[in-house]
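One letter stands for each residue in the lines below.
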Amino acid sequence: MARGTSGSPGVFVTVLTALALAVVGFFAYQASAAPDRPQGAPAASGGSGGGQAAEGSGENGESGDTGAAEGTGGSGSGADGEQAAVAPLPADSGAGRRVVYSLAERRVWLVDAAEDGLGDRILHTYPVFHSSVDPEPGTYEVSNRYAALNGSDGVPIENVVVFDTSDDGVVFGFSTATDGSVPDPESPQRTGGIRQSAEDGTRMWRFATVGVPVVVVR
């Protein structure tokens with residue numbers, strides 16, 4: 001029986017070579033069409049939450065504790081724009097609209113009654129700088145206010161809110177040094193100024209009118 005010529009070895013090799021070239025060309029096309037990514041970077045995975053969480057998502061997007069925290073009850077938004085716990089009021093610090101000053105924490109709270117009449121509402125709280133003499137713990141009232149004058153240490157001050165004068169003449173009050181300086185608590189000079197930043201001093205000035213209680217706690 002006669003054999004056909006289509007099964008010759010040369011034709012078979014030619015067909016295999018063409019098929020191999022076609023496969024190589026297909027994979028080369030896929031590689032060129034794929035999106036670039038940095039060498040060693042993992043492939044993206046499915047599902048949500050795979051991206052990096054955004055930072056500084058608060059109103060200002062800043063970080064750091066300025067001590068200025070507003071809110072109701074126990075939490076509020078700090079100046080850093082992040083949700084943070086408000087420094088809690090010291091125990092036995094009165095009730096209603098008042099200024100609270102903690103000697104131990106060197107911190108002030110501007111407080112009002114809650115809108116529902118139950119409990120307190122912290123309007124603002126911030127750290128302060130004390131002088132060489134501290135007032136005695138107790139409840140006082142704002143007695144005098146001065147837009148500007150010279151402090152007992154000779155430094156020009158503004159937004160002065162006075163709440164007590166000791167028997168030996170030391171004046172206790174909240175104020176802001178116009179040059180931004182703070183008192184020296186180790187000074188041999190007896191001074192009672194409680195210094196605060198310009199922004200906090202403005203808040204105190206607006207809040208603490210004559211007759212507003214000032215509660216000093218240890």
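Only a predicted model underlies this, so the values are computations on that prediction, with no experimental measurement involved.

**Things to note about the pattern of salt bridges**
It is possible for side chains bearing opposite charge to pair when their charged atoms get close.
Line of reasoning, step 1. Inspection of the entire model under this criterion finds 6 salt bridges.
Line of reasoning, step 2. A salt bridge links Asp-134 to Arg-106, with the nearest nitrogen and oxygen atoms 2.9 Å apart. Here Asp-134, found in the loop between strand 6 (120-127) and strand 7 (138-141), pairs with Arg-106, found in the loop between strand 4 (98-102) and strand 5 (107-113); they are 28 residues apart in sequence, far enough to count as distant.
Line of reasoning, step 3. Overall, Asp-134 belongs to the partly exposed group, its relative accessible area being 29%.

**Topic: unusual backbone geometry**
Line of reasoning, step 1. Although it is not a glycine, Arg-106 sits at a positive phi angle of roughly 50 degrees.
Line of reasoning, step 2. Residue Arg-106 is classed as buried on the basis of its relative accessible area of 19%.
Line of reasoning, step 3. At Asn-159, a position not held by glycine, the phi torsion is positive, near 50 degrees.

**Points about the sheet that holds strand 12 (residues 213-217)**
Line of reasoning, step 1. Spatially, 5 strands are ordered 6-5-4-12-7 in an open sheet, and the strand pairing comes out mixed. The two strands at the open ends of the sheet, each matched to only one other strand, are strand 6 and strand 7. Across the sheet, the mean angle from the axis of one strand to that of its neighbour is 20 degrees, orientation sign disregarded.
Line of reasoning, step 2. Of the pairings in the sheet, the one linking strand 5 to strand 6 comprises 7 bridges and is antiparallel in character. Across the sheet, the residue bridging to Asp-112 is Arg-121, located in strand 6.

**Comments concerning the layout of surface pockets**
Line of reasoning, step 1. Its volume calculated, the second largest pocket comes out at about 210 Å³.
Line of reasoning, step 2. Those elements that provide at least two residues to the lining of the second largest pocket are strand 8 (144-150), strand 9 (156-165), strand 10 (171-177) and strand 11 (192-195).
Line of reasoning, step 3. When residues of the lining of the second largest pocket are assigned to their parent elements, the largest contribution, 5 residues, is made by strand 10.
Line of reasoning, step 4. Taken together, the residues of the lining of the second largest pocket break down into 8 nonpolar, 8 polar and 1 charged.

**Some remarks on the pairing of strand 9**
Line of reasoning, step 1. The element strand 9 is largely enclosed, with a buried count of 7 among its 10 residues.
Line of reasoning, step 2. One ladder, built from 6 bridges, connects strand 8 with strand 9; its direction is antiparallel. Bridging from a neighbouring strand, Ala-148 pairs with Glu-158 of strand 9.
Line of reasoning, step 3. Counted between consecutive antiparallel strands, the loop separating strand 8 from strand 9 contains 5 residues, among which Gly-154 sits at a positive phi close to 85 degrees.
Line of reasoning, step 4. In this structure, strand 9 lies alongside strand 10, joined through 6 bridges in antiparallel fashion. Paired with Val-162 across the bridge in strand 10 is Gly-173.

**Some words on the nonpolar core**
Line of reasoning, step 1. In terms of nonpolar packing, the biggest core is built from 22 residues, with Val-99, Tyr-101, Val-108, Phe-163, Phe-174, Met-204 and Val-214 touching the most fellow members.
Line of reasoning, step 2. Looking at this core, the elements with two or more residues in it are strand 4, strand 5, strand 9, strand 10, helix 2 (198-207) and strand 12.
Line of reasoning, step 3. When sequence neighbours within four positions are dropped, the list of residues in contact with Phe-163 reads Pro-135, Tyr-140, Glu-141, Val-142, Ser-143, Phe-172, Gly-173, Phe-174, Ile-194, Val-214 and Val-216.
Line of reasoning, step 4. Counting residues in hydrophobic clusters, the runner-up holds 8 residues, among them Val-86, Trp-109, Val-111 and Val-215.

**A short note on the side chain of Thr-176**
Line of reasoning, step 1. Along the polypeptide, Thr-176 turns up in strand 10.
Line of reasoning, step 2. Those residues in contact with Thr-176, other than ones at most four positions away along the chain, are Pro-156, Ile-157, Glu-158, Arg-195, Gln-196, Ser-197, Ala-198 and Gly-201.

**Considerations on the packing of aromatic side chains**
Line of reasoning, step 1. A full pass over the atoms with the stated rule returns 3 aromatic pairs.
Line of reasoning, step 2. Seen in terms of ring centroids, Tyr-140 and Phe-163 are 5.5 Å apart; in terms of plane orientation they differ by 55 degrees. Their pairing is tilted. Placement of Tyr-140 in strand 7 and of Phe-163 in strand 9 is noted, with a sequence separation of 23 residues between them. One exposure class covers both Tyr-140 and Phe-163, and it is buried.
Line of reasoning, step 3. Both rings, one in Phe-163 and one in Phe-174, keep their centres 5.4 Å apart while their planes meet at 35 degrees; by these two values the pair is tilted. Of this pair, Phe-163 sits in strand 9 while Phe-174 sits in strand 10, placing them 11 residues apart in sequence.
Line of reasoning, step 4. With a relative accessible area of 4%, Phe-163 lands in the buried category.
Line of reasoning, step 5. What links up through ring pairs into an aromatic cluster is the set Tyr-101, Tyr-140, Phe-163 and Phe-174.
Line of reasoning, step 6. The ring of Trp-205 is capped by Arg-145, whose NZ or CZ atom sits 3.8 Å from the centre of that ring.

Parameters at a glance
- Residues numbered from 1 in each chain as written.
- Predicted model: local features only at pLDDT ≥ 70, side-chain atom pairs only at ≥ 80, totals over all residues.
- Heavy atoms only, no water.
- Salt bridge = Lys/Arg side-chain N within 4 Å of Asp/Glu carboxyl O.
- Helix = DSSP H or I, 4+ residues; strand = E, 2+ residues; numbered from the N terminus.
- Buried < 20%, exposed > 50% of the residue type's maximum accessible area, 1.4 Å probe, protein only.
- Pairing = 2+ DSSP bridges.
- Axes fitted to C-alpha atoms, helices over the stretch in contact; angles between N-to-C directions.
- 1 Å grid on protein atoms, 1.4 Å probe; cavity = no way out; pocket = protein on both sides within 12 Å on 5 of 7 lines; lining within 4 Å.
- Points joined across faces, edges and corners; volume = space filled by probe spheres on them.
- Nonpolar A, V, L, I, M, F, W, Y, C, P; charged D, E, K, R; others polar.
- Core = buried A, V, L, I, M, F, W, Y, C linked by side-chain atoms within 4.5 Å.
- Contact = heavy atoms within 4.5 Å.
- Phe/Tyr/Trp six-rings, centres within 6.5 Å; stacked < 30°, edge-to-face > 60°.
- Lys NZ or Arg CZ within 6 Å of the ring centre and 35° of its normal.

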